[in-house]
Number of protein chains: 2
Amino acid sequence: MKGLWLENQQLKLRTDIPVPHPPPGEALVRVLRAGICNTDLELKRGYYPYIGILGHEFVGVVEQGPEHLLHRRVVGEINAACGHCRFCLSGQPTHCENRTVLGIVNRHGAFADYLCLPVKNLHPIPDNLPTDIATFTEPVAAALEIQQQVSVGVDDRVLVVGDGKLGQLVAQTLALTGCNLLVVGRHQDKLVNLEARGIKTGLADAVTDQAFDISVECTGNPEGFAIARRALRPRGTLVLKSTYAGNLSLDASSLVVDEITLIGSRCGPFPEALQLLATGNIDVQPLIHGCYPLDDAIFAFEQAQHRGVLKVLLEISH
Amino acid sequence: MKGLWLENQQLKLRTDIPVPHPPPGEALVRVLRAGICNTDLELKRGYYPYIGILGHEFVGVVEQGPEHLLHRRVVGEINAACGHCRFCLSGQPTHCENRTVLGIVNRHGAFADYLCLPVKNLHPIPDNLPTDIATFTEPVAAALEIQQQVSVGVDDRVLVVGDGKLGQLVAQTLALTGCNLLVVGRHQDKLVNLEARGIKTGLADAVTDQAFDISVECTGNPEGFAIARRALRPRGTLVLKSTYAGNLSLDASSLVVDEITLIGSRCGPFPEALQLLATGNIDVQPLIHGCYPLDDAIFAFEQAQHRGVLKVLLEISH
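Given the structure is predicted, the values throughout are model-derived calculations rather than measurements. (Residues numbered from 1 in each chain as written. Chains lettered and ligands numbered in written order. Predicted model: local features only at pLDDT ≥ 70, side-chain atom pairs only at ≥ 80, totals over all residues. Heavy atoms only, no water.)

## Regarding the relation of the copies chain A and chain B
Applied cut-off: Here the copies are superposed with least squares, the fitted atoms being C-alpha atoms of residues at a pLDDT of at least 70 in both. Contacts are residue-level and defined by heavy atoms, with any inter-residue pair within 4.5 Å sufficient.
Each copy of the sequence occupies a distinct position, and chain A is placed on chain B by a rotation of 180 degrees and an axial shift of 0.0 Å, giving an RMSD of 0.0 Å. Classification of the inter-copy transformation places it as that of a two-fold axis. Relative to the rotation axis, the C-alpha of S249 of chain A is the closest in chain A, positioned 2.1 Å from it. When the interface residues of chain A are mapped onto chain B, 100% of them again fall at the interface, so both copies present the same face.

Right, here's the structure in full:
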């Protein structure tokens, strides 16, 4: 089969990859559409060691698997858990000690004709949900993880720092809580998406006082972190939603004096994400920059790295 | 009156300081005993700008104030709050936007014959509680703040990093929760104090696995932070109890991947601290290295800076 292979920070479109045989408990999924995420760009830059097929945001059709999923369109949770470690047994499979992660850790990903995932990771897609839109299930779930970790209410002043792919989804999901929300970014044209949905936006220098109860860092750069930190009131909460290249330097004493909480946030709930996409309560269509066939995957990657480009999709099959 | 004055990182024992006149709502307190804290040492090193009388851990006798406190021994909460800002109005006076802090921010401290504090900050000391012991009320309260912020139960594995003054108090207060506690430090002689109270201790390299639910950083140095971080299971909580000189460099991506919570922790509840000291549920006597008259305050400071020295007290009056 065909697949986009990463090795030594080089992407290569290979056509000699064998179609995988799903082990017991796993399904074989023919990939329809997949999205390029910042994590993919970071893997290519060599921030984490990974060799194999990239890609973890996808929609596919089950070709081998249990009856109730066969020939259905599905999305899939990316952490494949062992089921018997202390984290699995305590209901936290995304933190399984022995996990593999689709296209990220020891498991071939979605930028290929086929992938395998545990059957329990797969969620059928409602018939009315277009494939392009459903491709956003994984990042929307990740955005929803914030609300699993931090209580966000109508009285809370919440700041989202970053107007990229992740910031856009985080902002839309937080807006549904009715909180007092501000999104700051660097790109007026990206902020317009959010304003069209009634979300208040501003440029980064719009944050002038330590008034926010919660801030969410979605830029992955130290400047974004500094804005998110500066915006918080004492005893406020800073959610780290982005990974960072290298170490982050911070004023730990000010965290102590102001009793700030910092919380890292990763993968979230798929069922809720699918429901939000299916009901149209969040709108990801404006975030799609373009869709390219797998044959053009290397070009698509280049596009995705350009400043100002939001989501780039790969069309793998029909 | 006499007082230990800090200016331009120089300590000076002055005898020409006027006895303060308490403004409305404040009391005049004659200081009996005061403790030298790491924050005092850091102020002297110039980590924060401060000019004036140092000291914020004290026991004194009210000389001017309301009837119910007059001539009684008291301890005092160190944050003098305005009473009308949004933090005061929301019941968080320790984060008052306009606060002064005894011997730390814009308010003369306790290493002097007299000090002033708001009446509402003062707590009478039970008659059976010796003055030396009551001097520990402020740091014991700070240790108890952890339990105000983080739920600590009998099923939790908790690591305290640091066997100094703060680590000793944090360990003793956490031990009262019945949690599964380990304290690591560098000084076998200091760890012995804790072992004598039935608390499990080890040297820093005793932490080998990511198994702790909660870790508390009490060293204020990056090595201590690294141990506290490394010890945590995914979704664990790291309590920052110490301030740091300069910035701290950390792997923010790993906080995201492991969904770690970092929480800064400062001043805590005085009534609970007084009660623990009065009932003997925590024992601070072994932590007292020595007690010096105010005339020897500069020598006492030198003592307090020596490696391995725990609490140094100043005897100001009888």
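## Observations regarding the interface of chain A and chain B
Our working definition: In short, buried area is how much 1.4 Å probe accessible area vanishes from two parts on joining, totalled over both. The term salt bridge refers to a pairing of a side-chain nitrogen on Lys or Arg with a carboxyl oxygen on Asp or Glu at a separation within 4 Å. Polar contacts, as counted here, are pairs of nitrogen or oxygen atoms within 3.5 Å of one another; within protein the pair requires one atom able to donate a hydrogen and one able to accept it, and residues that are adjacent in sequence qualify only if both atoms are side-chain atoms.
Contacts between the two partners involve 39 residues from chain A, matched on the other side by 39 residues from chain B. Together, the buried faces of chain A and chain B total about 3200 Å²; carbon and sulfur atoms form 50% of this surface. The tally of links between chain A and chain B comes to 2 salt bridges. The closest approach of N and O atoms between R235 of chain A and E145 of chain B, which form a salt bridge, is 3.3 Å. Seen at the junction of chain A and chain B, the total is 23 residue pairs in polar contact (both at pLDDT 80 or more).

## Description of the pattern of salt bridges
To keep it simple, the criterion reads: The numbering of helices and of strands both runs from the N terminus, where a helix is a DSSP run of H or I of at least 4 residues and a strand a run of E of at least 2. To sort residues, take the accessible area from a 1.4 Å probe on protein chains only and compare it with the maximum for the residue type: under 20% means buried, over 50% means exposed, and anything in between is partly exposed.
If you walk through the whole model with that rule in mind, you get 26 salt bridges over all chains. A salt bridge links R107 of chain B to E26 of chain B; its shortest N-O distance comes to 2.7 Å. Residue R107 of chain B is located in the loop between β8 (100–101) and β9 (114–118), and its partner E26 of chain B is located in strand β3 (residues 26–36); the two are separated by 81 residues in the primary sequence. Each member of the pair, R107 of chain B together with E26 of chain B, is buried. Connected through salt bridges with shared partners, the residues R33, D132 and E315 of chain A form a single ionic network.

## Some details on unusual backbone geometry
Excluding glycine, most residues fall at negative phi; most peptide bonds, likewise, are trans. Even without a glycine there, the phi angle at N106 of chain A is positive, about 55 degrees. By the secondary structure assignment, N106 of chain A is in the loop between β8 (100–101) and β9 (114–118). The class of N106 of chain A is exposed, set by a relative accessible area of 65%. For E259 of chain B, which is not a glycine, the phi torsion comes out positive at approximately 50 degrees. Its place among the elements puts E259 of chain B in the loop between α8 (252–257) and β17 (261–264).

## Thoughts on the sheet that holds strand β1 (residues 3–7) of chain A
Residue and element names in this part refer to chain A. As a reminder, the rule being used: One requirement defines pairing of two strands: DSSP has to find at least two bridges between them. Axis lines are fitted through C-alpha atoms, for helices just across the contact stretch, and the angle between N-to-C directions can take any value from 0 to 180 degrees.
Taken in spatial order, the 3 strands line up as β2-β1-β4 in an open sheet, and their pairing is antiparallel. Unpaired on one side and paired on the other, β2 (10–14) and β4 (52–53) mark the two borders of the sheet. Pairing of β1 with β2, which is carried by 5 bridges, proceeds in the antiparallel orientation. Among the inter-strand pairings, E7 is bridged to a residue of β2, identified as Q10. This element, helix α10 (residues 297–305), spans β1 and β2 of the sheet and lies at about 145 degrees to β2.

## Some points on helix α7 (residues 222–230) of chain A
All of the buried residues in α7 of chain A are G224, F225, I227, A228 and R229 of chain A. The opening residue of α7 of chain A, the one whose side-chain oxygen lies 3.1 Å from the backbone nitrogen of E223 of chain A, is N221 of chain A.

## Observations concerning helix α4 (residues 137–149) of chain A
Residues and elements named next belong to chain A. To keep it simple, the criterion reads: Helices are assigned an expected span. That span is 1.5 Å times one less than the residue count.
For α4, with 13 residues, the first-to-last C-alpha span of 19 Å sits near the 18 Å given by 1.5 Å per residue. Burial analysis of α4 places 10 of its 13 residues in the buried class, which makes it a mostly covered element. Those residues of α4 that fall on the buried side of the exposure criterion are T137, E138, P139, V140, A141, A142, A143, L144, E145 and I146.

## Describing the packing of aromatic side chains
What counts here: For Phe, Tyr and Trp, where Trp contributes only its six-membered ring, two rings pair if their centres lie within 6.5 Å, and the inter-plane angle classes them as stacked under 30 degrees, edge-to-face over 60, or tilted in between. Only when the NZ of Lys or the CZ of Arg is both within 6 Å of the ring centre and within 35 degrees of the ring normal is a charge said to sit over the ring.
Per the counting criterion, the structure on display carries 4 aromatic pairs over all chains. The positively charged end of R157 of chain A is found above the aromatic ring belonging to F212 of chain A, 4.5 Å away from the centroid.

## Regarding the side chain of T201 of chain A
Within the element layout of this structure, T201 of chain A appears in strand β13 (residues 200–203). When neighbours within four sequence positions are excluded, T201 of chain A is seen to be in contact with L182, V183, L191, L194 and E195 of chain A.

## Focus: the confidence of the model for chain A
Quick reminder of the rule: For every residue, the predictor reports its confidence as pLDDT, a number between 0 and 100.
Per-chain confidence: chain A averages 95 in pLDDT, with 100% of residues scoring 70 or above. With pTM at 0.94, the complex prediction returns an ipTM value of 0.93.

## A short note on the packing of helix α4 (residues 137–149) of chain B against helix α9 (residues 270–279) of chain B
Residues and elements named next belong to chain B. The criterion, for reference: The cut-offs work like this: below 35 degrees is roughly parallel, past 145 is roughly antiparallel, 65 to 115 is roughly perpendicular, and the gaps in between are oblique. Should the near helix be turned anticlockwise from the far one by less than a right angle, the crossing is termed left-handed; should it be turned clockwise, right-handed. Residue classes follow a fixed rule: Ala, Val, Leu, Ile, Met, Phe, Trp, Tyr, Cys and Pro count as nonpolar, while Asp, Glu, Lys and Arg count as charged, and any other residue, Gly among them, counts as polar.
Taken N-terminus to C-terminus, the directions of α4 and α9 make an angle of 115 degrees; their axes are 8 Å apart at the nearest point. It follows from the interaxial angle that α4 and α9 lie roughly perpendicular. Handedness of the α4/α9 crossing: right-handed. Residues T137, E138, V140, A141, L144 and Q148 of α4 pack against F270, E272, A273, L274, L276 and L277 of α9. Across the contact of α4 with α9, the residue classes break down as 8 nonpolar, 2 polar and 2 charged.

## Some remarks on the packing of helix α1 (residues 38–45) of chain B against helix α10 (residues 297–305) of chain B
Residues and elements named next belong to chain B. Closest axis-to-axis distance for the α1/α10 pair is 11 Å, and the angle between their directions is 105 degrees. For the element pair α1 / α10, the angle class is roughly perpendicular. Contacts between α1 and α10 involve D40, L41 and K44 from the first element and F301, A304 and Q305 from the second. For the contact of α1 with α10, the residue count by class is 3 nonpolar, 1 polar and 2 charged.

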